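Chains, contacts and geometry: an overview
So the chains spell out like this:
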Amino acid sequence: MPPSSFSLRARYVLPVTSEPIEHGVVTVAGGKIVAVGPAAPGGGKVHDLGEVALLPGLINAHTHLELSDCERPLGTTGLRLVDWIPQVVAHRAKRSDPGPAIVAGGLFECLQAGTTALADTVAPGFSPAEFERAPIRAALFQELIAPTPERADRALERARRHLESKPGGCWQLGLSPHAPYTVRPELLDAAIDLAARSGAPVAMHLAESLEEVELLATGNGPFRAMLESLGAWSDGLVPVPARPLDYLRKLAAAPYALIVHGNCLNAAEWDFLAERRDRMSVVYCPRSHAHFDYPAYPLGKMLAAGVNVCLGTDSRASAPDLSLLAEMRFAAERHPDVRPATLVELATRAAACALGCHAELGRLVPGMKADLTAVTLPPSPDADPCEALLHSGGRVVATWIEGTRQPPFPTAPAGVRLVDNSATLP
Ligand SMILES: [Zn+2]
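Let's talk about the domain arrangement of the protein
Examined at the domain level, the protein breaks down into domain 1 (5–56 + 362–424) and domain 2 (58–354). In this structure, domain 1 and domain 2 have C-alpha centres spaced 31 Å apart. With 29 residues of domain 1 at the interface, the matching set in domain 2 holds 23 residues. For the pairing of domain 1 and domain 2, the buried interface totals around 2,000 Å² over both sides, and the portion due to carbon and sulfur atoms is 67%. For Asp-371, the salt bridge identified is with Arg-137, shortest N-O distance 2.7 Å. For the pair domain 1 and domain 2, the number of links is eight residue pairs in polar contact (both at pLDDT 80 or more). Taken together, the elements giving at least two residues each to the side of domain 1 that touches domain 2 come down to β5 (52–56), β14 (372–376), α15 (385–390) and β15 (396–401). In terms of residue class, the side of domain 1 that touches domain 2 is built from 14 nonpolar, nine polar and six charged.

So, in structure tokens, the structure goes:
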């Protein structure tokens, strides 16, 4: 049994909503953070983690773990989304068993990368068993795909059953009407209405590519050709002429809405989201974005407009792995105009807000659940520890969920001082 009370010292504690604390101490009792400061309350014993940054457990706001069997992203860099989607359909069709081992592998990979909570999109027929076994907090968004009227009723019934189910160990249940080009308008309306009545969050891929915006505006273009070739087109699928803002207006009725990607949203749509930032958020998936070689993501502008942006890995079908820390580092390279501390916040506090759990997760302050991640820093970190975290190859060496350490993790790289090796940590 882990001790119910312990204190951890790190070269830097990153509370997220206040300045980093050099040689800071986080004290945990009963699974919650009870103190954060320069020393343990009452001068109690402190486990020294050495040259690490101790920060809130990372929250991956968008994954599809059922695709964790992809060894590498499907297709070559720069392919069009309309050429990638048929490859995902083919990948799903050719494997004999999309089974639990794939999801279990994805969960382990996330946990090993310092992720303590995630929002996963689950395909029809998923088994909750692996999520129940894993310590990670999983918000399970049932994927809804119904591009034709015949499929809409079945999808809605699936949505109802999902929200009524009570998988053990599950953190949150939500719905994911996949995208404007795969969901009939009547299903989208019914799913949002159901989510609103159930208090459930909704996630939707929206405004990912210019071809999607063209489809909404005209009902034609490469997307329509792709959907017709898959037998996934029906008249009325898209209420032409439409624009992403029409979908945002609908999604605003959900208790919480996650807009996945949002690459092509315009300034008026950012303003719409900014006015509702406590309930509507955008999930940016940096390496998935790069896989499609989309134009530069307007991260700095969206943040300046007041949009609540968080980060996701998306799936291994469009990203090389499931490390949110790697996404943060990639974003740091791509967006030098965004402060490193802001990127840390996107992966923690902003994601907690997006999922409606900011009162419990995403910051290191007393009263929050003790979800923690320790990442090694260079022996002489820069003056800015967030910059050192994002511009070094430091590794996750320990993670706690609700005060319980999650094994197993690799030992620290050579040359990094760890006073307590991980085997003796609480
Ligand atoms: Zn996705």
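Quick word on the layout of surface pockets
Quantified by volume, the largest pocket comes out at close to 1,000 Å³. The wall of the largest pocket is formed by 46 residues, among which Glu-66, Arg-92, Ala-123, Glu-143 and Ile-145 lie closest to the centre. Tallied by class, residues from the lining of the largest pocket come to 23 nonpolar, 12 polar and 11 charged. For the second largest pocket, the calculated volume is near 270 Å³. In terms of residue class, the lining of the second largest pocket is built from eight nonpolar, three polar and four charged. Taken domain by domain, the makeup of the lining of the second largest pocket includes at least three residues from each of domain 1 (5–56 + 362–424) and domain 2 (58–354).

Concerning helix α7 (residues 222–229)
Burial in α7 covers these residues: Phe-223, Met-226 and Leu-227. Buried residues of α7, viewed axially, fall in a sector of 95°; they line one side. Its buried side turned inward, α7 meets α1 (81–94) and α6 (210–218). Positive phi shows up at Gly-231, right after α7, with a value of about 65°.

Describing the pairing of strand β6 (residues 58–63)
Counting buried positions along β6 yields six of six residues, so the element is predominantly enclosed. Pairing of β6 with strand β7 (residues 115–122), which is carried by four bridges, proceeds in the parallel orientation. Of the residues in β7, the one forming a bridge with Asn-60 is Leu-118.

Some remarks on the state of the cysteines
As enumerated under the stated definition, the model contains zero disulfides in all. Here Cys-357 stays unpaired: no disulfide links it, and the sulfur of Cys-353, its closest cysteine neighbor, is 8.2 Å away. Cys-357 sits in the buried class, given a relative accessible area of 5%.

So, the coordination of the zinc ion
For the zinc ion, the full set of protein donor atoms is His-62 (NE2), His-64 (NE2), His-205 (NE2) and Asp-314 (OD), at a range of 2.0 to 2.6 Å. For the zinc ion, the four donor atoms are set out with angles of 88 to 165° between them, so the coordination reads as irregular. Counting the intervening residues between successive donors of the zinc ion yields the motif H-x1-H-x140-H-x108-D. Of the two residues, His-64 sits in the loop between β6 and α1 while Asp-314 sits in the loop between β13 (308–311) and α12 (324–334), which places them 250 residues apart along the sequence. On the accessibility criterion, Asp-314 (5% relative accessible area) is buried.

Description of the nonpolar core
Of all hydrophobic cores here, the largest spans 122 residues; its most connected members are Trp-84, Phe-223, Leu-227, Leu-248, Ile-259, Met-280 and Leu-389. Considering every element that reaches this core, the biggest residue donor is helix α5 (residues 185–198), with six residues. Built from parts of two domains, this core gets at least three residues from each of domain 1 (5–56 + 362–424) and domain 2 (58–354). Not counting residues within four places of it along the chain, the set of residues in contact with Leu-389 comprises Leu-14, Ala-53, Leu-55, Arg-329, Val-344, Val-375 and Leu-377. Among the nonpolar cores identified, the runner-up in size contains 18 residues, and Ala-10, Val-26, Val-52 and Ala-398 belong to it.

Rules used in this analysis
Residues numbered from 1 in each chain as written. Predicted model: local features only at pLDDT ≥ 70, side-chain atom pairs only at ≥ 80, totals over all residues. Heavy atoms only, no water. Domains from an automatic or database assignment. Contact = heavy atoms within 4.5 Å. Buried area = accessible area lost by both parts, 1.4 Å probe. Salt bridge = Lys/Arg side-chain N within 4 Å of Asp/Glu carboxyl O. Polar contact = N/O pair within 3.5 Å; in protein donor to acceptor, adjacent residues only side chain to side chain. Helix = DSSP H or I, 4+ residues; strand = E, 2+ residues; numbered from the N terminus. Nonpolar A, V, L, I, M, F, W, Y, C, P; charged D, E, K, R; others polar. 1 Å grid on protein atoms, 1.4 Å probe; cavity = no way out; pocket = protein on both sides within 12 Å on 5 of 7 lines; lining within 4 Å. Points joined across faces, edges and corners; volume = space filled by probe spheres on them. Buried < 20%, exposed > 50% of the residue type's maximum accessible area, 1.4 Å probe, protein only. Arc of directions from axis to C-beta. Pairing = 2+ DSSP bridges. Disulfide = S-S within 2.5 Å. Donors = N, O, S within 2.8 Å, 3.2 Å for Na, K, Ca; no water. Tetrahedral: all angles 85-135°; square planar, octahedral: opposite > 155°, others 65-115°. Core = buried A, V, L, I, M, F, W, Y, C linked by side-chain atoms within 4.5 Å.

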